[in-house]
Amino acid sequence: MAALDSHNTAKTIAPAALAPAAAMARLGTETAFDVLAKAKAMEEAGRDIINLGIGQPDFHTPPHIVEAAVRALRDGHHGYTPANGALALREAVAEDIATHRCVTVRPDSVLVVPGGKVTMFFAILMFGEPGAEILYPNPGFPIYESVINFTGAKAVPIPLHEETGFSFSAEEVLSKIGPATRLIILNSPANPTGGVVPREEFDRLVEGLAAHPQVAILSDEIYSRMLYDGQAHVSLLEYPAIRDRLILLDGWSKTYAMTGWRMGYSVWPDSLIERATRLAINCHSCVNAAAQQAGIEALRGPQDAVETMVAAFDERREVVVEELNRIPGFRCAVPGGAFYAFPNITGTGYTARELQDKLLEEVGVATVAGTSFGAYGEGYLRFSYANSVANIREAMNRIRSCLT
Ligand code: PLP
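Computed from a prediction, not measured in an experiment: that's the story for all the values here.

K.L.:
An account of helix α2 (residues 63-74) is requested, with residue identities and associated values reported.
P.N.:
Compared with the 16 Å implied by 1.5 Å per residue over twelve residues, the 16 Å span of α2 between its first and last C-alpha is a close match. Inspection of α2 places I65, A68, A69 and A72 among the buried residues, and these make up the whole buried set. Taken down its axis, α2 places every buried residue within 95° of arc, on the same side. Across from the buried face of α2, at angles greater than 90 degrees, the exposed residues are P63 and R74. Looking one or two residues past α2, G76 carries a phi angle of roughly 95°, positive in sign.

Rendered as structure tokens:
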């Protein structure tokens, strides 16, 4: 399982005279960006494409947040900030965590980073090396497996199953922990499945982790505000027993439709925050100063735009699931969070990659093959429903006509 599948392996071979480090050949990618590029090229060539491939809100950043950035630029926020982020922003993050997770964190445990991805990169770099093992969800966000392989650590999949709503089994996770395990990566609500892990499963996991005090946990909670059916978000920060080894990943990209701003944050245990800050200093110095001011406004300003966006996703979720279940050969469970549906497509007779390519080329509908999220994604396609109801319905009609 540690081997990269053929879609994720770095393809470009360097000229003989150049000698990139061997680790570069182990770096994977995020195929959603390839699909986006292909869909854009097809659009430019005159094709009518409906993009259900890329995982980003189809809304603009709320205007009051944009105004805060403009004001910050006018007010002279042009220089470096502290590497861990402006104090006012880290205070706003701590307040936000108190509001939405009912947990107290100190602003000096917070590291502001350029996007959610940077937290996973830093956490995996911090624990990954040859001989180490890192557990990660599969199907899951592809960068986990890619960066684990890059570090030379062994990537140990936590299989996520349709039958359990793509949650994990605490027992199964615990059974995979061995003497070499350094880090466990968890993600709820999840990409690509929309799965949500129930509190009881987290309770069981945390209880079992008491026997493995050397194992750190990275909890990717970037979709924490995107939950449906009245569910409350369960944050691993709520468990005092693992606070001294928990790294929290969250950010502005999804909640505030700010994917292009590159704004994320993490909360680190006391024993790791200085190392994480050192990685930031070596990597990017600090996050864009004006964007940080916008980040404060996002957290402290009105939240109605978030509520409106989540309500729109909820409406589309119902449409997408209903429509997917009407396509011959498809079977789609109801996702509890994020903005993805992950139907089982085995009944079509196509592999995930074949169907992804067929739908894009023949009817102009961009989706992402489940295998782009790991080997356990075979038999599934990811649909991002960050698109209008009209486009979703049109895409489903096209898929039905393509497969019947
Ligand atoms: N974590 C998960 C599960 C994601 O799906 C994504 C983006 O799609 C990220 C992290 C990265 O977010 P960002 O765009 O802020 O780097």
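After that view of the structure, there is still more to cover.
K.L.:
How would you explain the domain arrangement of the protein chain if you had to name every residue and give the values?
P.N.:
Here the protein chain is described as being made up of domain 1 (29-60 + 304-403) and domain 2 (63-300). Once you take the C-alpha centre of each, domain 1 and domain 2 turn out to be 25 Å apart. Listed per partner, the contact involves 33 residues of domain 1 and 33 residues of domain 2. Taken together, both faces of the contact between domain 1 and domain 2 bury some 2700 Å²; the carbon and sulfur share is 60%. The residue E30 makes a salt bridge to K117 at a minimum N-O spacing of 2.7 Å. Joining domain 1 to domain 2, the criterion identifies 18 residue pairs in polar contact (both at pLDDT 80 or more). Sorting the residues of the side of domain 1 that touches domain 2 by element identifies α10 (304-324) and β9 (340-341) as the ones contributing at least two each. Sort the elements by how many residues they give to the side of domain 1 that touches domain 2 and α10 lands first, with six residues. Split into classes, the residues belonging to the side of domain 1 that touches domain 2 amount to 18 nonpolar, ten polar and five charged.

Thresholds, definitions, all that
- Residues numbered from 1 in each chain as written.
- Predicted model: local features only at pLDDT ≥ 70, side-chain atom pairs only at ≥ 80, totals over all residues.
- Heavy atoms only, no water.
- Helix = DSSP H or I, 4+ residues; strand = E, 2+ residues; numbered from the N terminus.
- Expected span 1.5 Å × (residues − 1).
- Buried < 20%, exposed > 50% of the residue type's maximum accessible area, 1.4 Å probe, protein only.
- Arc of directions from axis to C-beta.
- Domains from an automatic or database assignment.
- Contact = heavy atoms within 4.5 Å.
- Buried area = accessible area lost by both parts, 1.4 Å probe.
- Salt bridge = Lys/Arg side-chain N within 4 Å of Asp/Glu carboxyl O.
- Polar contact = N/O pair within 3.5 Å; in protein donor to acceptor, adjacent residues only side chain to side chain.
- Nonpolar A, V, L, I, M, F, W, Y, C, P; charged D, E, K, R; others polar.

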